[in-house]
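Next come the chains, spelled out residue by residue.
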Number of protein chains: 2
Amino acid sequence: MKIGELAKQVGFTVETIRYYEKEGLLHPALRDPANNYRRYDHSHLERLIFIRRCRTLAMTHEEIQVLLQARVQPNASCETINELIDEHIHHVQARIAELQILETQLIELRGQCRAAHTTRDCGILRELDHPTEELTEPAVVHSHVPGSQCRGGQHK
Amino acid sequence: MKIGELAKQVGFTVETIRYYEKEGLLHPALRDPANNYRRYDHSHLERLIFIRRCRTLAMTHEEIQVLLQARVQPNASCETINELIDEHIHHVQARIAELQILETQLIELRGQCRAAHTTRDCGILRELDHPTEELTEPAVVHSHVPGSQCRGGQHK
DNA sequence: CTTGACCCTAAAGCAGCTTCAGGGTGTTTA
DNA sequence: TAAACACCCTGAAGCTGCTTTAGGGTCAAG
């Protein structure tokens, strides 16, 4: 099948599939000599479903690579896999904990200004200007789960 | 003071401070004519502390810009600020909910393989290969909070 | 024979930095 | 006085997982 069909079946965009090929997650497809279109078979589809499942579980490409490797070594121990999942769970849990602290702090902050005043008298701005003790600690330190690299202030 | 000193006082790296200047979060510093070094005063320090606090609370630069704007308009209504914080809280809460679903799914998955077998018999790989009903739904759809853009599989 | 749906590549964009390459400045110490 | 070392500068690339854009072929239907 062609890439559009594959995309539809598996629920990725065609761009994503091409991207996965470039990244080495998906084996390069054979090309139709006539027009250079990619041609896919059932094994590609299975692999993509596997990948999709892993991404749904917020695994990185690196983690997925490990699992894909393991998948083609039926006689190896699956301990690596268990450890990978365990670690991943820990990351997720750590992230949740961080965000819960963040939530608490934000609600506390929000409480500084219940009614609408002028910004001059806004308790929120005041709080942000002169951080209170217990609100000063970084809520979000670091993590590897969903989007850690992008947000969450780990200042140094 | 020079940038290194400022960095130490406020807890950012010098690179981050220069980056903030380039992004427009921080006003460009005056330069020492002798050597072109940046020179900072107390207002820069205050502004950076404000920014740091906001980043600790995982706000985007865009959100911080809004707050910084508001900060210099003492007579304006602070309703915008309240709304911004409220929305931010919602994002964080939504993100937590997503991650909790993810956690549940991962633990369920992990349960498929308690002892270490060969990968051939690994319940985890089996599950990833042939997704079960209730585990098929995307746990992480989207969000704007801490790192949404980077991770979390929103396939299409 | 043109319209529209599909395919291709390479490069840039997103967020918020960090790192690197390449090069000055300034103080201290041998 | 010269080397060593800490600090400053700029511009560009790298990180993650895609998405978007630009520019261009292929192919079936009307």
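Residues numbered from 1 in each chain as written. Chains lettered and ligands numbered in written order. Predicted model: local features only at pLDDT ≥ 70, side-chain atom pairs only at ≥ 80, totals over all residues. Heavy atoms only, no water.

- An unreviewed UniProt entry lists chain A under the name Cd(II)/Pb(II)-responsive transcriptional regulator, with Neptunomonas qingdaonensis as the source organism.

1. So, the pattern of salt bridges
Once their charged atoms are close, side chains differing in charge can pair, the charge on each being opposite to the other.
Thought 1: Evaluated as defined, the whole model comprises ten salt bridges over all chains.
Thought 2: The salt bridge partner of arginine 71 of chain A is aspartate 129 of chain B, with a shortest N-O separation of 2.3 Å. You can see arginine 71 of chain A sitting in helix H4 (residues 61-71) and its partner aspartate 129 of chain B sitting in helix H6 (residues 123-129), one on each of two chains.
Thought 3: The residue glutamate 98 of chain B makes a salt bridge to arginine 95 of chain B at a minimum N-O spacing of 2.6 Å. With a gap of three residues between them, glutamate 98 of chain B and arginine 95 of chain B both fall in helix H5 (residues 79-110), about one helical turn apart. (Salt bridge = Lys/Arg side-chain N within 4 Å of Asp/Glu carboxyl O. Helix = DSSP H or I, 4+ residues; strand = E, 2+ residues; numbered from the N terminus.)

2. Focus on the confidence of the model for chain A
Residues and elements named next belong to chain A.
Thought 1: When the pLDDT values of chain A are averaged, the result is 84; 83% of them are 70 or greater.
Thought 2: When the elements of chain A are averaged for pLDDT, helix H6 (residues 123-129) gives the smallest value, 88, and strand S2 (residues 38-39) the largest, 98.
Thought 3: Overall, residues 134-138 carries pLDDT values under 50, and its contacts beyond four positions in sequence, including any with other chains, amount to eleven contacts.
Thought 4: Note that pLDDT drops below 50 for residues 147-156; the model gives that stretch 40 contacts with residues more than four away or on any other chain. (pLDDT = per-residue confidence, 0-100. Contact = heavy atoms within 4.5 Å.)

3. Some thoughts on the protein's contact with DNA strand C
Thought 1: Taken together, the neighbourhood of DNA strand C is formed by 20 residues, with Gly4 and Arg18 of chain A together with Thr16, Tyr20 and Arg55 of chain B sitting nearest.
Thought 2: For DNA strand C, the backbone makes up 77% of the atoms found within 4 Å of the protein, where backbone means sugar plus phosphate.
Thought 3: The contact in question runs from a phosphate oxygen of DNA strand C to an N or O atom on the backbone of glycine 4 of chain A, over 2.6 Å.
Thought 4: Between arginine 55 of chain B and DNA strand C, the recorded distance is 2.7 Å, taken from a side-chain N or O atom to a phosphate oxygen.
Thought 5: Across the surface near DNA strand C, the residue classes break down as six nonpolar, seven polar and seven charged. (Near = heavy atom within 4 Å. Polar contact = N/O pair within 3.5 Å; in protein donor to acceptor, adjacent residues only side chain to side chain. Nonpolar A, V, L, I, M, F, W, Y, C, P; charged D, E, K, R; others polar.)

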